[in-house]
Amino acid sequence: MFEALFRIVAQVESNEQGQRFCHVSEHGAPANESAFSSLVATVYQQEVYRTLQVGDTLTITVHLDLPPRELERTVRLREDGQFEGEGMQEPTPDLLPMVSTLYERFLQQVDAGDVFTIIFRVQRL
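Residues numbered from 1 in each chain as written. Predicted model: local features only at pLDDT ≥ 70, side-chain atom pairs only at ≥ 80, totals over all residues. Heavy atoms only, no water.

### So, the nonpolar core
Filter applied, for reference: Residues belong to a common nonpolar core when they are buried Ala, Val, Leu, Ile, Met, Phe, Trp, Tyr or Cys residues joined through side-chain atoms within 4.5 Å. Accessible area is worked out with a 1.4 Å probe on protein chains only. A residue is then buried under 20% of its type maximum, exposed over 50%, and partly exposed in between. Here a strand is any run of E in DSSP of at least two residues, a helix any run of H or I of at least four, and the numbering for each starts at the N terminus. Contact between two residues is taken to exist if any of their heavy atoms lie within 4.5 Å; hydrogens are not considered.
Membership of the largest hydrophobic core comes to 36 residues, with the highest contact counts inside it found for Phe36, Leu58, Leu95, Phe116, Ile118 and Phe120. For this core, the secondary-structure elements that each account for two or more residues are strand 1 (2–14), helix 1 (33–51), strand 4 (57–64), strand 5 (69–77), helix 2 (96–107) and strand 7 (115–124). With 7 residues, the single largest contributor to this core is helix 2. Aside from chain neighbours lying at most four places away, what touches Leu58 is Tyr44, Val48, Leu52, Arg73, Thr74, Val75, Leu95, Phe120, Arg121 and Val122.

Okay, here's the thing in structure tokens:
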């Protein structure tokens with residue numbers, strides 16, 4: 001069995017105007033929500049998607065430690081290149097809209113100081 005984990009950990013901060021930023025690395029500049037969305041999309045497209053093979057299962061988890069909250073979706077890559085799985089009305093070749101919706105909905109529930117994690121877990125039998 002093959003398994004690969006891709007993890008993005010971010011701390012949420014906000015400025016005086018209420019704009020939210022995500023710190024992804026200790027030494028890097030904080031990313032606004034748009035830049036953070038771009039980072040998530042890049043990790044998905046350049047790392048996660050390239051790892052996937054037909055028959056693989058991909059579990060996408062967005063997790064907050066305190067208070068404990070978690071959203072998770074699991075999909076499978078079919079032979080025709082379409083993804084199918086929970087929370088999907090019909091198969092799709094592009095998971096990025098679902099990934100974006102999942103963590104953006106979650107991001108609305110976190111406060112400044114919260115640390116959340118996005119995990120892409122690829123499993124192959």
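### A closer look at helix 1
Counting along an α-helix, one turn takes 3.6 residues, and residues three or four places apart therefore face a common direction. Applied cut-off: Residue count minus one, scaled by 1.5 Å, sets the expected span of a helix. One fitted axis covers the seven residues ending at a residue, a second covers the seven starting there, and the bend at that residue is the angle between these axes. Under the rule applied, a polar contact is a pair of N or O atoms within 3.5 Å (in protein, one hydrogen donor and one hydrogen acceptor; residues adjacent in sequence only if both atoms are side-chain atoms).
When the terminal C-alpha atoms of helix 1 are compared, their 26 Å separation across 19 residues agrees well with the 27 Å that a helix rising 1.5 Å per residue should span. Bending of helix 1 peaks at approximately 35° at the position of Tyr44. Restricting attention to buried positions, one finds in helix 1 the residues Phe36, Val40, Ala41, Val43, Tyr44, Val48 and Thr51. For helix 1, the capping residue at the N-terminal end is Asn32, with a side-chain oxygen 3.1 Å from the backbone nitrogen of Ser34.

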